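The primary structure of each chain is shown beneath.
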Amino acid sequence: MAWPVQFLFRGLRTVGLVLLYYVFSIGITFYNKWLMKGFHYPLFMTLVHLAIIFCLSTVTRRAMQCWTGKPRIILSWDDYLRKVAPTALATALDIGLSNWSFLFITISLYTMTKSSAVLFILFFSLVFKLEEPNPFLILVVLLIASGLFMFTFESTQFNMEGFIMVLLASFIGGIRWTLTQVLMQKAELGLQNPIDAMYHLQPLMFIGLFPLFLYNEALSLSASEKLFRVTELSPLLYSLMTLSVGGALAFGLGFSEFLLVSRTSSLTLSISGIFKEVCTLLLAASLMGDRMSKLNWLGFAVCLCGISLHVGLKAFYSKNKTPSVRQLGSKSSELQLPLLRQNGEKCEDSAADDFNDEEEEQEICLH
């Protein structure tokens, strides 16, 4: 009876972690869209989110250090500026442009266009030689590109300005995730733990996005009654509270992704991401009133087929690939979160089974 109980426990745990990931991922998408209806300063909102993520990651690092008794990694200024800065700048522009686009486009168009990031990730993975050339990749590109074309063709809620913003964010996102993979796979940096990576990225992301905020929003925000020209305390507190909730959701998204990958596998995260897109579009149609024709839905289905093929190819080829220098799974003890650890001898069998499952995944499938 031990095996069925253990299998059931692991299944329930995986479902719970996937649902937690869905809550934060879908939640922050709808929350940011809702917030942009009354607060038209997406870059300032992003800066506030970055500051909150930095504070929460600092607290989390301190808690992990107290639990393990080991000091957390702190990079030298030379490594920090030369190796982390490019990733931080790409990440800041990706997130900033994505949030900015919510002023112009619907959630459905945003979700679909953001899916094209897989194309750019593939391109830059080939450029940086993180991905081996494969003829099936041509089919992946054709499916995603044709699906995106069908989804945007004769769309009744299409906005060119917002679409270009998201497409540019997807392009920069391809650079971002490729550089992130390179950054986290460098053993000498010691940033394989995403909490440490978030801690080091946020300050440079803030600095990189701040000039764009000054150019585009600073003057109008200083004259706005949302923050700096408030006549009563309650509107100011309301604005700060809504911005803080978004920052907490942004940190929770990164944290839930880490939980899902560390306790299951990156393949689980990639597959969950596919179904998350479906859930997001269905919710956008029912809750936000997004209108999509049959051709748009067909384009979405074709795009999902391309993404699914990409995930399947990654899973197939990763089994036949020799391990990289630095695995991105949760095989090291410091990547196991304190709250998820079991006591003493009771967890030896389940830990061994988790280790065997994670050995099947050689590298993270960035989606």
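Residues numbered from 1 in each chain as written. Predicted model: local features only at pLDDT ≥ 70, side-chain atom pairs only at ≥ 80, totals over all residues. Heavy atoms only, no water.

Section: the overall build of the chain
Defined as follows: Only runs of H or I of at least four residues qualify as helices and only runs of E of at least two qualify as strands under DSSP, and these elements are numbered from the N terminus. For every residue, the accessible area obtained with a 1.4 Å probe (protein chains only) is divided by the maximum for its type, and the residue is called buried under 20%, exposed over 50%, and partly exposed between those limits. Residues count as neighbours in contact if any of their non-hydrogen atoms are within 4.5 Å of one another. Accessible surface area values rest on a Shrake-Rupley calculation with a 1.4 Å probe, where residue burial reflects the displayed protein chains alone.
Check the secondary structure of the chain and you find 13 helices and 0 strands. Helices and strands in the chain line up, N terminus first, as α-α-α-α-α-α-α-α-α-α-α-α-α. Classification of the 367 residues of the chain by burial places 49% in the buried group. The long-range fraction of contacts in the chain, counting pairs at least 24 apart against all pairs at least 6 apart in sequence, stands at 85%. Carbon and sulfur atoms make up 69% of the accessible area of the chain, which amounts to about 18,200 Å² in all.

Some thoughts on the side chain of Thr106
Note the cut-off: Within 3.5 Å is the distance limit for a polar contact, defined as a pair of N or O atoms, with the added protein rule that one can donate a hydrogen and the other accept it, and that residues adjacent in sequence qualify only through two side-chain atoms.
Within the element layout of this structure, Thr106 appears in the loop between helix H3 (77-101) and helix H4 (107-114). At a separation of 3.3 Å, a polar atom in the side chain of Thr106 contacts the main-chain amide nitrogen of Leu109.

Section: H3
Residues spaced three or four apart along an α-helix face the same direction, because each turn holds 3.6 residues. In plain terms, the rule: By definition here, a helix of n residues has an expected span of 1.5 Å times n minus one. Note on bend: the value at a residue is the angle between axes fitted to the seven residues ending there and to the seven starting there.
The end-to-end C-alpha distance of H3 is 34 Å, a good match for the 36 Å that 25 residues give at a rise of 1.5 Å each. Its maximal kink placed at Val84, H3 deviates by approximately 50°, while the proline Pro86 follows within four residues.

Describing the pattern of salt bridges
In plain terms, the rule: Any carboxyl oxygen of Asp or Glu within 4 Å of a side-chain nitrogen of Lys or Arg constitutes a salt bridge here.
Tallying each qualifying case throughout the model produces 7 salt bridges. In this structure, Asp79 engages Arg82 in a salt bridge whose closest nitrogen and oxygen atoms are separated by 3.9 Å. You can see Asp79 and its partner Arg82 sitting in helix H3, 3 residues apart, about one turn around the helix. On the basis of relative accessibility, which here comes to 51%, the residue Arg82 falls in the exposed class. For Asp79, the salt bridge is made with Lys83, and the minimal N-O distance between the two is 3.5 Å. Here Asp79 pairs with Lys83, and both are found in helix H3, just 4 residues apart, close to one helical turn. Taken together, the shared-partner salt bridges connect Asp78, Asp79, Arg82 and Lys83 into one network.

Some details on the state of the cysteines
By definition, a disulfide links two cysteine residues through a covalent bond between their sulfur atoms. Applied cut-off: Throughout, a disulfide means two cysteine sulfur atoms within 2.5 Å of one another.
Overall, the coordinates contain 0 disulfides when judged by the stated rule. Cysteine Cys303 is unpaired, with the sulfur of Cys305 as its nearest cysteine sulfur at 9.2 Å. Given the relative accessible area of 47%, Cys305 is considered partly exposed.

With respect to the UniProt feature "transmembrane region" (unreviewed entry) in the chain
Here is the rule: UniProt positions are given in the numbering used here, feature names are shortened, and annotations may be inferred rather than shown by experiment.
Under the feature "transmembrane region" (unreviewed entry), the UniProt entry names residues 12-32, 38-59, 103-128, 135-153, 159-179, 199-216, 236-255 and 295-317. Helix makes up 73% of residues 103-128 and strand 0%, whereas the separation of the span's terminal C-alpha atoms amounts to 34 Å. Secondary structure within residues 236-255 divides into 100% helix and 0% strand; the distance between the first and last C-alpha atoms comes to 29 Å.

Describing the packing of aromatic side chains
To keep things clear, this is the line we draw: For Phe, Tyr and Trp, rings pair up if their centres lie within 6.5 Å, where Trp contributes its six-membered ring, and each pair is then called stacked (planes under 30 degrees apart), edge-to-face (over 60) or tilted (otherwise).
By the definition in use, this model includes 12 aromatic pairs. Where Phe54 meets Tyr199, the ring centres are 5.3 Å apart and the plane angle is 20°; that geometry is what we call stacked. Here Phe54, found in helix H2 (residues 42-68), pairs with Tyr199, found in helix H8 (residues 194-216); they are 145 residues apart in sequence, far enough to count as distant. Classification of Phe54 by relative accessible area gives partly exposed; the value is 29%.

A closer look at the packing of H2 against H8
We apply this condition: Axis definition: a line fit to C-alpha positions, over the contact stretch in the case of helices; interaxial angles, taken between N-to-C directions, run 0 to 180 degrees. Between 65 and 115 degrees an angle is taken as roughly perpendicular, under 35 as roughly parallel, over 145 as roughly antiparallel, and anywhere else as oblique. Crossing handedness: left-handed means the near helix sits turned counterclockwise from the far one by under a right angle, and right-handed means the same turn made clockwise.
Interaxial distance between H2 and H8 falls to 9 Å at its minimum, and their mutual angle equals 160°. Classified by the interaxial angle, the pair formed by H2 and H8 is roughly antiparallel. Note that H2 runs across H8; the crossing there is left-handed.

Describing the nonpolar core
For the record, the criterion: In this description, a nonpolar core means a group of buried Ala, Val, Leu, Ile, Met, Phe, Trp, Tyr and Cys residues linked to one another through side-chain atoms lying within 4.5 Å.
Core analysis: the biggest nonpolar cluster contains 78 residues, and Phe39, Phe44, Val84, Ile144, Phe151, Leu243 and Ile307 have the highest contact counts within it. Ranked by the residues each element gives to this core, the list is headed by helix H1 (residues 2-36), at 10 residues. Once residues within four sequence positions are removed from consideration, Leu243 is found in contact with Leu35, Phe39, Phe44, Met45, Val48, His49 and Ile52.

Comments concerning the side chain of Glu217
Note that Glu217 resides in the loop between H8 and helix H9 (218-222). Exposure remark for Glu217: the relative accessible area of 2% places this residue in the buried category. Within the structure, Glu217 has its side chain in polar contact with the backbone nitrogen of Phe44 (distance 3.0 Å).

Some words on the environment of Val127
When you line up the elements, Val127 lands in helix H5 (residues 117-127). Of the residues examined, Val127 reaches a relative accessible area of 48% and is grouped as partly exposed.

Describing the packing of H2 against H3
For clarity, the threshold we go by: Polarity classes work like this: nonpolar for Ala, Val, Leu, Ile, Met, Phe, Trp, Tyr, Cys and Pro, charged for Asp, Glu, Lys and Arg, and polar for all others, with Gly in that last group.
Between H2 and H3, whose axes approach to 8 Å, the crossing angle comes to 135°. Viewed along their axes, H2 and H3 adopt a mutual orientation that is oblique. Crossing of H2 over H3 shows right-handed handedness. Taken together, the residues of H3 that come into contact with H2 (itself represented by Pro42, Leu43, Met45 and Thr46) are Ile95, Gly96, Asn99 and Trp100. Taken together, the residues of the contact of H2 with H3 sort by class into 5 nonpolar, 3 polar and no charged.

Brief notes about H8
In a regular helix each residue adds 1.5 Å, so 23 residues correspond to 33 Å; H8 covers 31 Å between its end C-alpha atoms and thus fits that length. When the local axis directions of H8 are compared, the greatest deviation, roughly 30°, occurs at Leu201, which is followed within four positions by the proline Pro203.

Things to note about the confidence of the model for the chain
Note the cut-off: Summary of the metric used: pLDDT quantifies the predictor's per-residue confidence within the range 0 to 100.
This prediction gives the chain a mean pLDDT of 76; 80% of its residues lie at or above 70. Mean pLDDT across the elements of the chain bottoms out in helix H13 (residues 348-359) (44) and peaks in H2 (91). Predicted confidence is poor over residues 322-367, with pLDDT under 50, and the contacts of this stretch with residues over four places away or in other chains come to 84 contacts.

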